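Residue strings, one per chain:
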Amino acid sequence: MTRDAALLLPSTEPVTLIDPDGNPVHVGQDMPDPQALVHAYAALIAARRFNDQANALVRQGRLAVYPSSHGQEACQVACVQVLDPGDWLFPTYRDSAAIVARGVDPVQALTLLRGDWHSGYDPLATRVAPQATPLATHLLHAVGVAHAARLRGEPTVVMAVCGDGATSEGDFHEALNFAAVFRTPVVFFIQNNEYAISVPLARQTAAPSLAHKGIGYGVPGARVDGNDVAALLSVLGAAVDRARAGDGPQLVEAHTYRVQPHTNADDPGRYRSADEVTPWLARDPITRVETYLRGRGLLDDDTIAGYGVDAEKLAETMRAGLGEDTVADYRDLFAHVYAEPTPQLREQQALVADELSREEAR
Amino acid sequence: MAAEKLTMANALNRALRDAMRADDTVLMFGEDVGPLGGVFRITDGLTAEFGEQRCFDTPLAESGILGMAIGMAMNGMRPVVEMQFDAFAYPAFEQLVSHAAKMRNRTRGRVGVPLVIRVPYAGGIGGVEHHCDSSEAYYAHTPGLHVVAPSDPADAYGLLRKAIESPDPVLFLEPKKLYFSRSEADLTLPVPPIGTAVVRRPGTDATLIAYGPAVPVALEAAEAAAQEGRSLQVVDLRSIVPFDDETVCAAVRSTGRAVVVAEAAGFASVSSEVVARVTERCFHSLHAPIRRVTGFDIPYPPPKLEHVHLPSVDRILDTVDDLQWEDS
C-alpha cells in the first residue's frame, strides 16, 4: 500500500475551535454539536473535582501517590466521549480522570494509587485496560486487542493513550508500525504536556511535532489544542470514525501542559520557573468552553450549579470509599499468580497462614 | 494410531496443526513463520492450511510480537508466537516480565493471557554467536510464567498441546539440536501434564536430573555407566516451572546420590535451584553432596569450541565417580 506522504502530515499548528477567551475559531473543522459540548462541560467539572479530591486524599494519607491531570481535563474527557460502549480505552497512570469519565467506579479506579492492589476494576467488563505505569508497553496490547476484534469482524476501536515521554520508547514505534502494517483500528492519543517528570519535550525529540512521527509508519498524524475540548472532540471523533471505517491506525497529538507536579513527590521548582506555568493557567480548559457556551445561551448559572452538585457527590463518594480502612488479604498474593497455584505457592501460602495463626495465639 | 518414526520438528508442527484445527482462536505468528514455515520449518504449511489471518509474518520486532500477542490474548485469542532464536527473544523481555507474567495477578485474576512463546533454544548445532543461549533461568525466575522444555518428539507434541490449552503464559523451550533427531512416538497416547517430571531410565546407584537438550546426554551417560556396572537413574524434568518436587525427590531418595546436568551456565541457574531444593528436602537420604555438570560461566562459545563447554558423557561419568562412593 502506498500513501501520499503529504496526506499523512499533521497541520502546521494545532487545531483550535474555541480560543482561550471563549471565541470560536473558524478553521474549516466542524464544531461539535451543542449537546456534545454541554456533556463535555459537565464531564470537565467532574474531572477537575476528581483531580482536586485525589490530591487532597494524598495529603490526608489516603492515597499513596497521585499523578494529577489538572489542566489536562479536556484531553481526559474528550478521549472517552468519542468512544462507543464496545470500544476499549488503554490509559496510563495519569489518566484516572478519563477512566472515571468512562464510567469506572472512582474508588476502584484509585485502587492502584491507594496501594490495595494493582488494578481495582474489571478490565473486561469496563473495556478499560489496567493503568500502565511502564511507558508505551500498553500501546502494543492495544494493537493486539484491536487486531483480535478485527479478525472477528467486530467494529471495535481502541483508544491508546500515552504522554510525550513515552514517544521515545521503542514500544511506541513498534506499536505504530504493527498497527499500520495490520491496519488495526487504534487511535494513538499523545497528551503532550511538555514534561516527562523533569525532562522537557526538547530533550525527547527533535521532530517538528510528535504527530509527525506517524509519517514514518504510514500513519496519518493530527495536532490539536489539548485545552480546547471542542477541538479535541472534533479531531479525536474524526480519528475514531476513520479507524472504525477501516482506514487503519490514527495518531493524534494534543498540546497541553502539566500545570501541577508530576506527582506529590515531585519538586518542579528544580527544573522550571513559575513564569513558565502562569500563561498556561489562562488557557484553562474549563473556562473557555464555559464562556463559549454561556455566550450562546447553552449554559446558565443553574445548570452550572447542578453540575457542581454532581461533582461534589463524586468527591463525597471518593472520600467515603477511600476513607475506609481496608484489610488486604495475604491470600491474594498467592491466588492470582497462575490460574491454579503451583504446589510451591500452596506451600508458601501455608507458611504465612502458620505464621499468622501463631501470631494470633500469642 | 500406532507408533511412528518422526522428528521433534515434525511433532511440533503436528501439535500446532492439531491445536489450530481443534480451536479457531489459536493463532501462530512471528518472524518468517508464514510462507517460509519458520527458519526451522516448525510452522511449515500452516499458512497454506489456515490462511494468513491465522498464521502470519509480523514486522521484525520481538517486543511488538509479544506485546501484540498479549493484547490478542486479553481479547479472546490463544496466540502462539515464535522468537526466532533464544538470544533474539531479549527485546521482548519487558513485555514478558512486566505484562505477560503479571497480567492475571495485576487484575486479581480477572484477565489471564493464554499464550505460548516458542523459543528455539540452546546449543550443540554449531551456531554462531547469539544463536545458542540457554536462557531458561531468566524465565524460570519470573513468577507467572510456566517454563517447559521437551526432550523427545512425543513430549514435544504433548507438551505443546498442553501449553496451548493452558490459561497462563508458557515459555516453550525447543532444544534446537534435537529438532531433527528421529524417534518412535505415538502421538495419540496421553502425556503427563505440565508440572510433572518423568523417570526416563530406572537405576539404583545414582540419579541424573536433566531437562531439554541435556536429557539425551544423560541417557547416553547412563548407558555407558551400565557397561561399567553402575546403575544410573535418569529423571527428565520436562517442566521447569511448575517444578515437580515430588518425583525428583522420590528419585533422589531412592538412590541417595544425584548429579544435575544442564547446558546453561551453572551460576544462579535452574541447576542451582534443583540442587538447593532437593538438598532442603532430601538431606538425610543423601550419601554425597549433589553435584552439577553444567555449561561454564562464559558467554556461549564459538562453534569450534562448543564441545568444550557442553556437558559431555565423560564429564558426567567423572562427576558420578566423584560422589563419595568409598564412604558408603
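Residues numbered from 1 in each chain as written. Chains lettered and ligands numbered in written order. Predicted model: local features only at pLDDT ≥ 70, side-chain atom pairs only at ≥ 80, totals over all residues. Heavy atoms only, no water.

- The name given to chain B in an unreviewed UniProt entry is Alpha-ketoacid dehydrogenase subunit beta, and the organism recorded there is Actinoplanes flavus.
- The Cofactor (unreviewed entry) field of the UniProt record for chain B holds the comment "thiamine diphosphate". (UniProt positions renumbered as here; feature names shortened; annotations may be inferred.)

- Under an unreviewed UniProt entry, chain A has the name 2-oxoisovalerate dehydrogenase subunit alpha and belongs to Actinoplanes flavus.
- Quoted verbatim from the Cofactor (unreviewed entry) field of the UniProt record, the comment on chain A reads "thiamine diphosphate".
- Entered under Catalytic activity (unreviewed entry) in the UniProt record, the comment concerning chain A runs "N(6)-[(R)-lipoyl]-L-lysyl-[protein] + 3-methyl-2-oxobutanoate + H(+) = N(6)-[(R)-S(8)-2-methylpropanoyldihydrolipoyl]-L-lysyl-[protein] + CO2".

1. Quick notes on the overall build of chain B
1) Next: In terms of regular secondary structure, chain B is built from 12 helices and 14 strands.
2) Next: Taken over the C-alpha trace, chain B has a radius of gyration of 20 Å; the compact-globule value for 328 residues is 20 Å, and the two agree within 12%.
3) Next: By its C-alpha atoms, chain B is 65 × 45 × 40 Å across when sized along the principal axes.
4) Next: Within the span of chain B, comprising 328 residues, buried residues form 61% of the whole.
5) Next: Split by element, the accessible area of chain B, about 12,300 Å² in all, is 53% carbon and sulfur.
6) Next: Side chains of chain B give 30 positive and 43 negative charges; the mean places of these two sets differ by 5 Å. (Helix = DSSP H or I, 4+ residues; strand = E, 2+ residues; numbered from the N terminus. Rg over C-alpha atoms; globule rule 2.2 N^0.38 Å. Buried < 20%, exposed > 50% of the residue type's maximum accessible area, 1.4 Å probe, protein only. Areas by Shrake-Rupley, 256 points an atom, 1.4 Å probe, with all protein chains shown as cover. Lys, Arg positive; Asp, Glu negative; His and termini not counted. Charge placed at Lys NZ, Arg CZ, Asp CG, Glu CD.)

2. Structural notes on the sheet that holds strand β5 (residues 116–121) of chain B
Residues and elements named next belong to chain B.
1) Next: Taken in spatial order, the 7 strands make up an open sheet running β3-β2-β4-β5-β7-β6-β12, and their pairing is mixed. This sheet does not close on itself; its edge strands, each paired only once, are β3 (55–57) and β12 (239–241). Mean inter-strand twist for the sheet, computed between neighbouring axes without regard to direction, equals 20°.
2) Next: In this sheet, β5 lies alongside strand β4 (residues 78–82) in parallel orientation, the contact comprising 3 bridges. Across the sheet, the residue bridging to Val-81 is Ile-117, located in β5.
3) Next: Those strands touched by helix α3 (residues 62–74) are β2 (26–30), β3, β4 and β5, and its axis lies near 165° from that of β2.
4) Next: Here helix α7 (residues 153–165) sits on the sheet in contact with β2, β4, β5 and β7 (170–175), set at roughly 160° to β7. (Pairing = 2+ DSSP bridges. Axes fitted to C-alpha atoms, helices over the stretch in contact; angles between N-to-C directions. Contact = heavy atoms within 4.5 Å.)

3. Details of the interface of chain A and chain B
1) Next: Contact with chain A, which involves 42 residues of that partner, is made by 45 residues of chain B.
2) Next: Taking both sides of the interface into account, the surface hidden between chain A and chain B amounts to around 3,600 Å²; carbon and sulfur atoms contribute 61%.
3) Next: With a closest N to O distance of 3.4 Å, Glu347(A) and Arg281(B) form a salt bridge.
4) Next: Viewed at the interface, chain B and chain A are joined by 21 residue pairs in polar contact (both at pLDDT 80 or more).
5) Next: Elements with a contribution of two residues or more to the side of chain A that touches chain B: β1 (88–90), α7 (123–126), α8 (137–151), α9 (170–182), α14 (332–335) and α15 (343–361) of chain A.
6) Next: Split into classes, the residues belonging to the side of chain A that touches chain B amount to 23 nonpolar, 12 polar and 7 charged. (Buried area = accessible area lost by both parts, 1.4 Å probe. Salt bridge = Lys/Arg side-chain N within 4 Å of Asp/Glu carboxyl O. Polar contact = N/O pair within 3.5 Å; in protein donor to acceptor, adjacent residues only side chain to side chain. Nonpolar A, V, L, I, M, F, W, Y, C, P; charged D, E, K, R; others polar.)

4. Describing the environment of Gln81(A)
Residue and element names in this part refer to chain A.
1) Next: In this structure, Gln-81 sits in helix α3 (residues 73–81).
2) Next: Overall, the relative accessible area of 23% leaves Gln-81 in the partly exposed class.
3) Next: A sequence separation of 151 residues divides Gln-81 from Leu-232, and the C-alpha atoms of the two residues are 10.0 Å apart.
4) Next: One polar contact links the side chain of Gln-81 to the main-chain carbonyl oxygen of Ala-36, over a distance of 3.0 Å.

5. What about the nonpolar core?
One recurring pattern in soluble globular proteins is that nonpolar side chains are buried together.
1) Next: Phe90(A), Phe188(A), Leu66(B), Met74(B), Met83(B), Ile117(B) and Val248(B) are the most contacted members of the largest nonpolar core, which totals 89 residues.
2) Next: It is α3(B) that contributes the most residues to this core, 8 residues altogether.
3) Next: Beyond its immediate stretch of four places on either side in the chain, Val248(B) contacts Ala197(B), Ile209(B), Val235(B), Leu237(B), Phe243(B) and Val278(B). (Core = buried A, V, L, I, M, F, W, Y, C linked by side-chain atoms within 4.5 Å.)

6. Description of a nonpolar patch on the surface
1) Next: Among the surface-exposed residues, Phe296(B), Ile298(B), Leu305(B) and Val308(B) lie close enough to one another that they form a single nonpolar patch of about 330 Å² accessible area.
2) Next: Tracing the chain through its elements places Ile298(B) in the loop between β14 (291–295) and α11 (306–309). (Patch = residues over 30% accessible without salt bridge, like charges linked within 9 Å, V, L, I, M, F, W, Y side chains within 5 Å.)

7. Quick word on the UniProt feature "domain: Dehydrogenase E1 component" (unreviewed entry) in chain A
1) Next: Within this numbering scheme, the UniProt entry marks residues 47–302 of chain A as carrying the feature "domain: Dehydrogenase E1 component" (unreviewed entry).
2) Next: Secondary structure over residues 47–302 of chain A splits into 41% helix and 12% strand, and the C-alpha atoms at its two ends are 19 Å apart.

8. Describing the sheet that holds strand β2 (residues 158–163) of chain A
All names here are of chain A.
1) Next: Sheet architecture is open: 5 strands sit in the order β1-β2-β3-β7-β6, paired in parallel fashion. Of all strands in the sheet, those bounded by a partner on one side alone are β1 and β6 (221–225). Neighbour-to-neighbour, the strand axes of this sheet turn through a mean angle of 20°, independent of strand direction.
2) Next: Sheet topology note: the β6/strand β7 (residues 250–255) ladder contains 5 bridges and is parallel. When the sheet's bridge partners are listed, Ala-222 is paired in β7 with Val-252.
3) Next: The strands touched by α9 within the sheet are β2, β3 (186–192) and β7, with β3 carrying the most contacts at an inclination of about 150°.

9. A word on the UniProt feature "domain: Transketolase-like pyrimidine-binding" (unreviewed entry) in chain B
1) Next: Annotation from UniProt places "domain: Transketolase-like pyrimidine-binding" (unreviewed entry) at residues 6–181 of chain B.
2) Next: A helix fraction of 36% and a strand fraction of 17% characterise residues 6–181 of chain B, whose end C-alpha atoms lie 8 Å from each other.

10. A closer look at the domain arrangement of chain B
Residues and elements named next belong to chain B.
1) Next: Once the domains are mapped, chain B shows domain 1 (4–185) and domain 2 (198–327).
2) Next: Spacing between the C-alpha centres of domain 1 and domain 2 amounts to 27 Å.
3) Next: Contact residues are listed per partner, giving 27 residues for domain 1 and 22 residues for domain 2.
4) Next: Buried area between domain 1 and domain 2, summed over both chains or domains, comes out near 1,800 Å², and the portion from carbon and sulfur atoms is 57%.
5) Next: On the domain 1 side of the contact with domain 2, Glu-136, Ser-151 and Lys-177 bury the most area, a combined 21% of that side's loss.
6) Next: Applying the counting criterion to the domain 1 and domain 2 interface returns 3 salt bridges.
7) Next: Its salt-bridge partner being Asp-152, residue Arg-200 comes within 3.8 Å of it at the nearest N-O pair.
8) Next: Summed over the shared surface of domain 1 and domain 2, the result is 12 residue pairs in polar contact (both at pLDDT 80 or more).
9) Next: Counting only elements with at least two residues in the side of domain 1 that touches domain 2, the list comes to α6 (136–140), β6 (146–148) and α7.
10) Next: Here the side of domain 1 that touches domain 2 is built from residues that sort into 15 nonpolar, 7 polar and 5 charged. (Domains from an automatic or database assignment.)

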